[in-house]
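Next come the chains, spelled out residue by residue.
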Amino acid sequence: KAFKSMKSNRPRPTAIEIPPDILAAKGSATPSPAAQRKAPALNLQDISQAVAILEKAQKPIIWAGGGVIISEASTLLTQLAGVLGAIVVTTPEGKGSIPENHQLSGGVGYYGHGSSGWYAQEADVVLAIGTRLTQQMRGPTAPTSSQQLIHIDIDQEVVNKNHPASVSVIADAKEAIKALLAKLPIHSNKQPWPAAFKIQVTQEFSQWLTDTAPLQGEIIKDIQRVLKEDAIYVSGITNIGYWSHFYYQVTHPRTYFTSSYFATLGYSFPFALGAKCASPERQVVCVIGDGGFGYSLQELSTAVKYGINVVAIVFVDNALGASLHDQTTKYHNRVIGTNLHNPDFVLAAEAFGAKGIKATPQNISIALEEALF
């Protein structure tokens, strides 16, 4: 009886079966009008509160996410940084919000790593724009209770979700930045960050990168030397992709792409095909691991069939590397299902009618030049 009672309280599954003749039948329908996305109305009182905090800031930073890129607000954001004297740090999706060779660029924050951590710890005000402030911003990069956080985002569900804000501005990034600039003294050109501190951060982080990932750095630098400034670089979920967040230098928005914090394995090659279709005149390169490439190897057929000239740089370690690392370091070397049996990727490419080139870390720039030209 107890079993019957428990079973009767469970929701019953629902199955809908549609007969084949109904599926094949013709009918008429009136499509609904396309949904119109409206940006929320800007609250100027929120802007005034933000300005009051920013005017008193001694060491402000701007934390820029992918929303700045989507809003096409990069030029305005760089202008705002100059007015505030603020260091701009970004998420990986926000790379290009400010040219990374700009004197106010503070680099990328990613899971507590990056030069951004040095600035975040010193900042008294954090102006977050177009970012969810997710778990990527943890450790030294996470906002603290001693800092004032101004959070600007078009999605009200995002603000105050992961970190409480002193001031919340629900608005499109570009409109909010315009409103801030309209109320701030344009010619103040504050310089609250000591030049010596910025030099120290740059040098110490550069040394940390060299000590931690020297081979990855040389590979990424060699790749970038070959590419044009407006080339589209798709950073896959692979070791080289992660280190690209720090090593690859972006000077223009929409030239660097990553899958955001969901870490979608295998996305980068199909994404690169779409990017090349959208910008056929530009170089498009994706870096991808052998595990990720296995998800979309068949798309070589799509690339050849439609003449989509993308370069996929496949890094082969015969493993699902990140998961294998977790198994060996966190789970007492219990290795299950992470070692791969790969094809010869050069022969696989040629079988589809594409060009396959085998490269080593030492000759990757030569191989890339051959692939591009």
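Here, every reference points to the structure presented above.
From a predicted model like this one, the values you see are computed outputs, not experimental measurements.

Participant: Account for the overall build of the protein chain, naming residues and giving values.
Facilitator: Tallying secondary structure elements over the protein chain gives 16 helices and 10 strands in all. Dimensions along the principal axes, computed over C-alpha positions, put the protein chain at roughly 65 × 65 × 50 Å. Buried residues in the protein chain amount to 46% of all 373 residues. Looking at the protein chain as shown, the accessible area adds up to about 20500 Å², and 53% of this sits on carbon and sulfur atoms.

Participant: Can you break down the pairing of strand β5 (residues 148-153) residue by residue, with the values?
Facilitator: Among the six residues that make up β5, five are buried, leaving the element largely enclosed by the rest of the structure. Of the pairings in the sheet, the one linking strand β4 (residues 125-129) to β5 comprises five bridges and is parallel in character. The residue of β5 that forms the bridge with Ile 129 is Ile 152.

Participant: Give a detailed account of the sheet that holds strand β9 (residues 284-289), specifying residues and quantitative values.
Facilitator: Two pairing modes exist for strands in a sheet, parallel and antiparallel, and in both the strands are linked by backbone hydrogen bonds. Taken in spatial order, the four strands of this open sheet run β8-β7-β9-β10, and their pairing is parallel. The sheet is open, and its two borders are formed by β8 (256-257) and β10 (311-315), each paired with just one other strand. The pairing of β9 with β10 spans five bridges and is classified as parallel. Bridged to Ile 288 within β10 is Val 314.

Participant: Tell me what's going on with the packing of aromatic side chains, and back it up with residues and numbers.
Facilitator: Inspection of every chain in the model, using the stated rule, returns 16 aromatic pairs. Each ring, one from Tyr 233 and one from Tyr 256, has its centre 5.7 Å from the other, and the planes form 15°; the classification is stacked. Taken together, the positions of Tyr 233 in strand β7 (residues 232-235) and Tyr 256 in strand β8 put the pair 23 residues apart, joining distant regions of the chain. Using a relative accessible area of 0% as the deciding quantity, one classes Tyr 233 as buried. Aromatic side chains Tyr 267 and Phe 271 sit 5.8 Å apart centroid to centroid with 75° between the ring planes, which places their arrangement in the edge-to-face category.

Participant: Lay out the sheet that holds strand β3 (residues 105-108) with the relevant residues and their values.
Facilitator: Here six strands make up an open sheet; going across it, the order is β3-β2-β1-β4-β5-β6 and the pairing parallel. Sheet topology places β3 and β6 (167-170) at the edges, where each strand pairs with a single neighbour. On average, each strand axis in the sheet is inclined to that of its neighbour by 15°, with strand direction left out of account. Sheet topology note: the β5/β6 ladder contains four bridges and is parallel. Counterpart to Ile 150 in the pairing with β6 is Val 167. In this fold helix α3 (residues 44-56) packs onto β4, β5 and β6, with an angle of close to 135° to the strand it touches most, β6.

Participant: Can you lay out the pattern of salt bridges for me, pointing to particular residues and giving the numbers?
Facilitator: For the structure on display, the rule yields six salt bridges. The partner of Lys 95 in a salt bridge is Glu 100, with the nearest N and O atoms 2.8 Å apart. Owing to a relative accessible area of 1%, Lys 95 belongs among the buried residues under this scheme. We note a salt bridge from Asp 222 to Arg 225, for which the minimum N-O separation is 2.3 Å. Linking Asp 222 with Arg 225, this pair stays in helix α9 (residues 214-226), spanning three residues, or about one helical turn. What makes Asp 222 buried here is its relative accessible area of 16%. Assessed through its relative accessible area of 58%, Arg 225 is described here as exposed.

Rules of the game
- Residues numbered from 1 in each chain as written.
- Predicted model: local features only at pLDDT ≥ 70, side-chain atom pairs only at ≥ 80, totals over all residues.
- Heavy atoms only, no water.
- Helix = DSSP H or I, 4+ residues; strand = E, 2+ residues; numbered from the N terminus.
- Buried < 20%, exposed > 50% of the residue type's maximum accessible area, 1.4 Å probe, protein only.
- Areas by Shrake-Rupley, 256 points an atom, 1.4 Å probe, with all protein chains shown as cover.
- Pairing = 2+ DSSP bridges.
- Phe/Tyr/Trp six-rings, centres within 6.5 Å; stacked < 30°, edge-to-face > 60°.
- Axes fitted to C-alpha atoms, helices over the stretch in contact; angles between N-to-C directions.
- Contact = heavy atoms within 4.5 Å.
- Salt bridge = Lys/Arg side-chain N within 4 Å of Asp/Glu carboxyl O.

So far we have only geometry, and geometry alone does not tell us how the molecule works.
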